[in-house]
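# Coordinate analysis (summary)
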Amino acid sequence: MSSLEEWQDVSVSSSSSFPCLEELKVVYCIKLKVMPKQLPSLKKFYSYCCNRKPIHSFVENLPSLTSVVIEHCLGTDSFPLGLGKYGSLRKFHIVGGRLHPECVRGIECLPQLESLHIGAAYEQLNFCPFPDANVKGGTYFPALCDLLVTGWSNLECLPEQMQYIKSLETLKISSLHQLEALPEWLGNLVSPRKLRIEFCRTLKHLPSQEQMLRLTRLRKLTIDRCDELAKRCEKGGEEAFKISPKVRCKEELFVQNTAWKKRQDVLGSSSSFFVNSIIFLKA
């Protein structure tokens, strides 16, 4: 479908040609300029490597969506403003390409949003357009439990607003190549059970031991392709003393200098193997 330019609704009436369609995936439609506007039952939308402008216009007309994933779409347009109207949205992932500073305005107030992945592939940006924490009469990201921040090659620090997310259970930090230390305010996150850090090649330091010990619910720490930090967190390393005994215990696992295939051979398919573990992965 790479040559498709117009996807028009063939219905001659005011009703949709796809009145029962609940999930739609649009992939590699780089030339696509026009999309239908009437899909009344649509709940989940996924787009990969497409022209961003018609994608955004399409989503703007569907405030009842529960899941929106937009990955590596071309163009400089931001996502439509006024995300506060998407009251049913549970999953919002916008990764790759250029992100306008206001692309996620209003998303911090959504009552059902559980998963947010935000990332850019724009070398000149040295900040992350994360929503402001000043929420009037409400809770900042009241239901968010899964957060990924990825792709800002020039980002030197994480957005401070993240520390006010009280429901967060899984935090993933990826491909922040200028990040040298995790912030001290990380200890303010009282609820994370899983922390994954990957592809941060200059990262060397965890927060202080005092702040790391405040992460009382943390049970799984994964350090993947962060060679400097992995070395420092190994047993006897400069950062190892900061990790709580509740994380480093008899079920801990160290996987070093292994390829992905060997990693799968070692870990197998048992998810319970990861409980109370610290994992190091290298290429």
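Above this text sits the structure in question.
The structure contained in this document is the topic of the report that follows. (Residues numbered from 1 in each chain as written. Predicted model: local features only at pLDDT ≥ 70, side-chain atom pairs only at ≥ 80, totals over all residues. Heavy atoms only, no water.)

## Focus: the overall build of the chain
Along its length, the chain carries four helices and 10 strands. Reading the helices (α) and strands (β) of the chain from amino to carboxyl end gives β-β-α-β-β-β-β-β-β-α-β-α-α-β. Counting across all 283 residues of the chain, residues that qualify as buried make up 47%. In the chain, 58% of the contacts between residues at least 6 apart in sequence involve partners at least 24 apart. Approximately 14000 Å² of the chain is accessible, and the part contributed by carbon and sulfur atoms is 50%. (Helix = DSSP H or I, 4+ residues; strand = E, 2+ residues; numbered from the N terminus. Buried < 20%, exposed > 50% of the residue type's maximum accessible area, 1.4 Å probe, protein only. Contact = heavy atoms within 4.5 Å. Areas by Shrake-Rupley, 256 points an atom, 1.4 Å probe, with all protein chains shown as cover.)

## So, the pairing of strand β3 (residues 67-71)
Along β3, four of the five residues are buried, which leaves the element largely enclosed by surrounding structure. One ladder, built from five bridges, connects strand β2 (residues 44-48) with β3; its direction is parallel. Note on β3: the bridge partner recorded for K44 is S67. With helix α1 (residues 52-60) bridging β2 and its parallel neighbour β3, the resulting β-α-β unit is right-handed. Bridge count between β3 and strand β4 (residues 91-95): five bridges; the pairing is parallel. Across the sheet, the residue bridging to S67 is K91, located in β4. (Pairing = 2+ DSSP bridges. Right-handed = clockwise from strand over helix to strand, strands pointing away.)

## Structural notes on α1
Within the sequence span of α1, burial applies to R52, P54, I55, H56, F58 and V59. Considering only its buried residues, α1 is in contact with β1 (23-27), β2 and β3.

## As for the packing of aromatic side chains
Considering all chains together, one arrives at four aromatic pairs under this definition. Between the aromatic rings of Y28 and Y48, the centroid separation amounts to 5.4 Å while the plane-to-plane angle is 80 degrees, which identifies the pairing as edge-to-face. Within this pair, whereas Y28 is found in the loop between β1 and β2, its partner Y48 is found in strand β2, the two being separated by 20 residues in sequence. A relative accessible area of 24% places Y48 in the partly exposed class. Ring geometry for F130 and F141: centres 5.9 Å apart, planes at 45 degrees, overall tilted. One end of the pair, F130, is in the loop between β5 (115-119) and β6 (146-150); the other, F141, is in the loop between β5 and β6, with 11 residues separating them in the sequence. On the basis of relative accessibility, which here comes to 2%, the residue F141 falls in the buried class. Grouped by ring-pair contacts, the aromatic residues F130, Y140 and F141 constitute a single cluster. (Phe/Tyr/Trp six-rings, centres within 6.5 Å; stacked < 30°, edge-to-face > 60°.)

## Here's the deal with unusual backbone geometry
The phi dihedral of Y28 falls on the positive side, at around 55 degrees, and the residue is not glycine. Of the residues examined, Y28 reaches a relative accessible area of 45% and is grouped as partly exposed. A positive phi angle is found at S175, which is not glycine, with a value near 60 degrees. By the secondary structure assignment, S175 is in the loop between β7 (170-174) and β8 (194-198). Under the relative-accessibility criterion, S175 is labelled buried at 18%.

## Structural notes on the pattern of salt bridges
The full count for this structure, using the stated rule, is seven salt bridges. The salt bridge involving E114 is made with R90; its shortest N-O contact spans 3.2 Å. With E114 in the loop between β4 and β5 and R90 in the loop between β3 and β4, the pair connects residues that are 24 residues apart, well separated along the chain. The class for R90 is partly exposed, based on a relative accessible area of 38%. Between R196 and E198 there is a salt bridge whose closest N-O contact spans 2.7 Å. The burial state of R196 is the same as that of E198; both residues are buried. Within the structure, one salt-bridge network assembled from shared partners comprises R196, E198, D224 and R225. (Salt bridge = Lys/Arg side-chain N within 4 Å of Asp/Glu carboxyl O.)

## Notes on the environment of C233
Looking at the element boundaries, C233 is found in helix α3 (residues 227-233). By relative accessible area, C233 is classed as buried at 0%. For the pair C233 and H205, spaced 28 residues apart in the sequence, the C-alpha separation amounts to 9.0 Å.

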